[in-house]
Amino acid sequence: MTDLKIRLAKILAEKSYKEGEFTLASGKKSEYYFDCRQTALHAEGSWLIGNLFFDMIKDMEAAGVGGMTLGADPLVSSVTVISHEKGRPLPGLLVRKQAKGHGTGQYVEGLANFKEGATVIMLEDVVTTGGSVLTAIERIEAAGLKVAAVCCVLDREEGGREKLESAGYALHSIFTRKELVEASRA
């Protein structure tokens, strides 16, 4: 495991990982909660996530990155900045949970940075069942783009990978829960 992943694991464990009784966005009950935004909005955490995602996707065919607001907002921003620094600028887009109630009324923001039919990589903080990212993918595809893959900070290993793969999308994760716990103790 790289030094960057070990350092990110320590920040995630400190800022984002909580144990207790929680209800997840999927409606499932869980003994732990992972609030990646706390780490993704931390200066070093954002830099680490951006670098690790960029290393993960740098050889994939894609014109940019995107994700469902609000969880993916800092992830998309960190990757767009790091990609520019590394000489392979990847613009970003964000998918709204509800269509904008004024102006263009669209679900997807950032489309001006993409040509019709362009391919994007979806970024997610946590994948549990895969439902949220599949909703975002539907909206991106309805806007005329294609999705190459899904990348997440944490795969909870609760069926999301399988659901995404059955829909035709590969899931790449920085960590599984087990890997995160092990790395945070390294």
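Right, let's walk through the structure included here. (Residues numbered from 1 in each chain as written. Predicted model: local features only at pLDDT ≥ 70, side-chain atom pairs only at ≥ 80, totals over all residues. Heavy atoms only, no water.)

Here we look at the overall build of the chain
Secondary structure summary: the chain contains seven helices and eight strands in total. Radius of gyration (C-alpha) of the chain: 16 Å, near the 16 Å computed for a compact globule of 186 residues. Its C-alpha atoms give the chain principal-axis dimensions of about 45 × 40 × 30 Å. In the chain, buried positions account for 46% of the 186 residues. Of the roughly 9,100 Å² of accessible surface on the chain, a fraction of 49% belongs to carbon and sulfur atoms. (Helix = DSSP H or I, 4+ residues; strand = E, 2+ residues; numbered from the N terminus. Rg over C-alpha atoms; globule rule 2.2 N^0.38 Å. Buried < 20%, exposed > 50% of the residue type's maximum accessible area, 1.4 Å probe, protein only. Areas by Shrake-Rupley, 256 points an atom, 1.4 Å probe, with all protein chains shown as cover.)

Brief notes about the sheet that holds strand S4 (residues 92–95)
For sheets, the rule is that strands pair by backbone hydrogen bonds, running either parallel or antiparallel. Ordered in space as S5-S4-S3-S6-S7-S8, the six strands form an open sheet in which the pairing is mixed. Bordering the open sheet on either side are strand S5 (108–109) and strand S8 (171–176), each of which pairs with just one other strand. On the sheet, helix H1 (residues 3–15) packs against strand S7 (146–155) and S8 and is oriented at approximately 70 degrees with respect to S8. (Pairing = 2+ DSSP bridges. Contact = heavy atoms within 4.5 Å. Axes fitted to C-alpha atoms, helices over the stretch in contact; angles between N-to-C directions.)

Thoughts on the pairing of strand S1 (residues 17–23)
Here five bridges tie S1 to strand S2 (residues 29–34), and the two strands are oriented antiparallel to one another. Paired with Tyr17 across the strands is Phe34, a residue of S2. The turn linking S1 back onto S2 is made up of five residues, and Gly27 within it adopts a positive phi angle of 95 degrees.

Examining the state of the cysteines
Such a bond, covalent and formed between the sulfur atoms of two cysteines, is termed a disulfide. With the rule as written, the count across this model stands at zero disulfides. Between Cys36, a cysteine without a disulfide, and Cys152, which holds the nearest cysteine sulfur, the sulfur-to-sulfur distance is 9.5 Å. The thiol sulfur of Cys151 is not disulfide-bonded, and the nearest other cysteine sulfur, from Cys152, lies at 7.8 Å. Using a relative accessible area of 0% as the deciding quantity, one classes Cys151 as buried. (Disulfide = S-S within 2.5 Å.)

The analysis is restricted to geometry; functional conclusions fall outside its scope.
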